[in-house]
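Chain residues, written in single-letter form:
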Amino acid sequence: MHSPLSSAWPAPAKLNLFLHINHRRDDGYHELQTLFQFIDYSDYLDFRITQTPELVLHSSLNAVVPQHDNLILKAAKSLQAYTQCSQGAEIYLDKRLPMGGGIGGGSSNAATTLVALNHLWNTHLSQKELCDIGLKLGADIPIFINGSSSLAEGVGERLTPAQPVEKWYLIITPNVHVSTAEVFQDSKLTRDTPKLPIEALMSAPWHNDCQKLVTERYPQVANALAWLLEYAPSRMTGTGACVFGEFEQHQQALSALAKLPPKMSGFVAQGKNISPLTLRLAQR
């Protein structure tokens, strides 16, 4: 007899409302300051718990991302190992977020897997324990487990809750995969933005230190940003490729989306300071 399907666990996208790179450390990692906000646009995962330890992922992505490289399975296996859980799961991924877009799809999938299976397997780990597991898999994963908009500092591990305005965004998704590792390894990357206290960061003009380099290397990103800047204050999120424009009203964002050139694709979403995953967990 099959256990029931626990469905519609969101893995929301995020935007980096700004990204300042302060310097490169001796260990090769970069000190940075960045402001994360979630948006109400997500991948979705369904889980069917099994009484044997096998983990199976059903996804249209299997042809693209090898199973052994998939962060969803890595997250589930890490939770199993940490808790010595003997249960397994069939996991179904409804993929809606673009890959390599800088909006956190893979990291968010992993975070949702950890949060959902911790609940469904009754492993009772604290949020901090889940973040510790997640951090070993990816620097952004604790942001999604934490579930509230945050200023991230250090290499991204020091989080301070923040409450940016929940604006409407038009997000353009250029059809190109930008490698985060390559961006951070590039000698031309800006790495000397001064560190600022939180109050100054929240009120200063926001920018993304990766944007100049990425737009020079990827004309698709440069073209999307140039088009979007005609309609709204706009920036790249993370290390790209996605770019976003900020709008005060939903209808303004929809009107701009309607004018999007045929060769570009995008969507409208609202910023959310509480993650849709946190709200789903509260429903059980």
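Preceding this section is the structure that the text describes.
Here the structure is a predicted model, which means the values were calculated and not measured.

Colleague: It is not clear to me how the overall build of the protein chain should be interpreted in this structure. Could you clarify?
Modeller: Within the protein chain one finds 10 helices and 10 strands. Relative to the compact-globule value of 19 Å for 284 residues, the protein chain shows a C-alpha radius of gyration of 19 Å, a close match. Viewed in the frame of its principal axes, the protein chain has a C-alpha envelope of about 55 × 45 × 35 Å. Excluding contacts between residues fewer than 6 apart, the proportion of contacts in the protein chain whose partners are at least 24 apart in sequence is 77%.

Colleague: Looking at this model, I keep getting lost on the side chain of Asp43. Mind explaining?
Modeller: Note that Asp43 resides in strand 2 (residues 30–50). Here Lys95 takes part through its side chain, which lies 2.8 Å from a polar atom of the side chain of Asp43. A polar side-chain atom of Asp43 sits 2.6 Å from the main-chain amide nitrogen of Arg96. In contact with Asp43, not counting residues within four places along its chain, are Trp9, Pro10, Ala11, Leu93, Asp94, Lys95, Arg96, Leu97, Gly105 and Asn109.

Colleague: Please explain the packing of helix 1 (residues 71–83) against helix 3 (residues 127–137) as it appears in this structure.
Modeller: In a packed pair of helices, the relevant descriptors are the angle between the two axes and the axis-to-axis distance. Look at helix 1 against helix 3: their axes get within 10 Å of each other, and the N-to-C directions meet at 135 degrees. Looking at the two axes, helix 1 sits oblique to helix 3. Helix-helix and strand crossings are classified by hand; for helix 1 and helix 3 the assignment is right-handed. The residues of helix 3 that touch helix 1, namely those facing Leu71, Lys74, Ala75, Ser78, Leu79 and Tyr82, are Glu129, Leu130, Ile133 and Leu137.

Colleague: What am I meant to see in the environment of His207 here?
Modeller: Along the chain, His207 falls in the loop between helix 6 (198–203) and helix 7 (211–217). Here the alpha-carbon distance between His207 and Leu93, two residues 114 residues apart in the chain, equals 33 Å. Once residues within four sequence positions are removed from consideration, His207 is found in contact with Phe18, Leu19, His20, Thr193 and Arg235. Within polar-contact distance, the side chain of His207 engages the side chain of Asp209 at 3.0 Å.

Colleague: Could you clarify how one ought to interpret the packing of aromatic side chains in this entry?
Modeller: Summed over all chains, the structure comprises 5 aromatic pairs. Aromatic side chains Tyr169 and Phe244 sit 5.6 Å apart centroid to centroid with 90 degrees between the ring planes, which places their arrangement in the edge-to-face category. Of the two residues, Tyr169 is situated in strand 7 (residues 168–172) and Phe244 in strand 9 (residues 243–247); the sequence distance between them amounts to 75 residues. When its relative accessible area of 1% is taken as the criterion, Tyr169 is described as buried. With a centroid separation of 4.6 Å and an interplanar angle of 40 degrees, the aromatic rings of Trp227 and Tyr231 are classed as tilted. Here the basic side chain of Arg280 rests over the ring of Trp9, its NZ or CZ set 4.2 Å away from the ring centre.

Colleague: Can you walk me through the pattern of salt bridges in this structure?
Modeller: On inspection of all chains with the given rule, the structure shows 11 salt bridges. Between Asp132 and Lys128 there is a salt bridge, and its shortest N-O distance comes to 2.9 Å. Taken together, the positions of Asp132 and Lys128, both in helix 3 and 4 residues apart, correspond to about one turn of that helix. On the basis of relative accessible area, Asp132 is assigned to the partly exposed category, the value being 35%.

Colleague: Sorry, what's going on with the environment of Gly271 here?
Modeller: Tracing the backbone shows Gly271 in strand 10 (residues 266–272). Separated by 264 residues in the primary sequence, Gly271 and Ser7 have C-alpha atoms spaced 23 Å apart. Residues in contact with Gly271, not counting those within four places in the same chain, are Gln37, Phe38, Ile39, Glu166, Lys167 and Tyr169.

Colleague: I tried to follow the pairing of strand 4 (residues 88–94) on my own but got confused; where do I start?
Modeller: Put simply, side chains in a regular strand alternate between the two faces of the sheet. With 5 of its 7 residues buried, strand 4 lies for the most part within the structure. Pairing between strand 2 and strand 4: 7 bridges, direction antiparallel. Opposite Phe47, over in strand 4, you have Ile91 as the bridge partner. In terms of strand pairing, strand 3 (residues 55–58) meets strand 4 through 4 bridges, oriented parallel. Residue pairing for strand 4: Val56 is matched across the bridge by Glu90.

Colleague: Sorry, what's going on with the state of the cysteines here?
Modeller: As used here, a disulfide is simply a covalent bond connecting the sulfur atoms of two cysteines. Overall, the coordinates contain 0 disulfides when judged by the stated rule. Between Cys85, a free cysteine, and Cys131, which holds the nearest cysteine sulfur, the sulfur-to-sulfur gap is 19 Å. With relative accessibility at 14%, the residue Cys85 sits in the buried group. Free of any disulfide, Cys210 has its nearest cysteine sulfur in Cys242, 14 Å distant. Cys210 sits in the buried class, given a relative accessible area of 0%.

What counts and how
- Residues numbered from 1 in each chain as written.
- Predicted model: local features only at pLDDT ≥ 70, side-chain atom pairs only at ≥ 80, totals over all residues.
- Heavy atoms only, no water.
- Helix = DSSP H or I, 4+ residues; strand = E, 2+ residues; numbered from the N terminus.
- Rg over C-alpha atoms; globule rule 2.2 N^0.38 Å.
- Contact = heavy atoms within 4.5 Å.
- Polar contact = N/O pair within 3.5 Å; in protein donor to acceptor, adjacent residues only side chain to side chain.
- Axes fitted to C-alpha atoms, helices over the stretch in contact; angles between N-to-C directions.
- Parallel < 35°, antiparallel > 145°, perpendicular 65-115°, else oblique.
- Left-handed = near helix turned anticlockwise from the far one by under 90°.
- Phe/Tyr/Trp six-rings, centres within 6.5 Å; stacked < 30°, edge-to-face > 60°.
- Buried < 20%, exposed > 50% of the residue type's maximum accessible area, 1.4 Å probe, protein only.
- Lys NZ or Arg CZ within 6 Å of the ring centre and 35° of its normal.
- Salt bridge = Lys/Arg side-chain N within 4 Å of Asp/Glu carboxyl O.
- Pairing = 2+ DSSP bridges.
- Disulfide = S-S within 2.5 Å.

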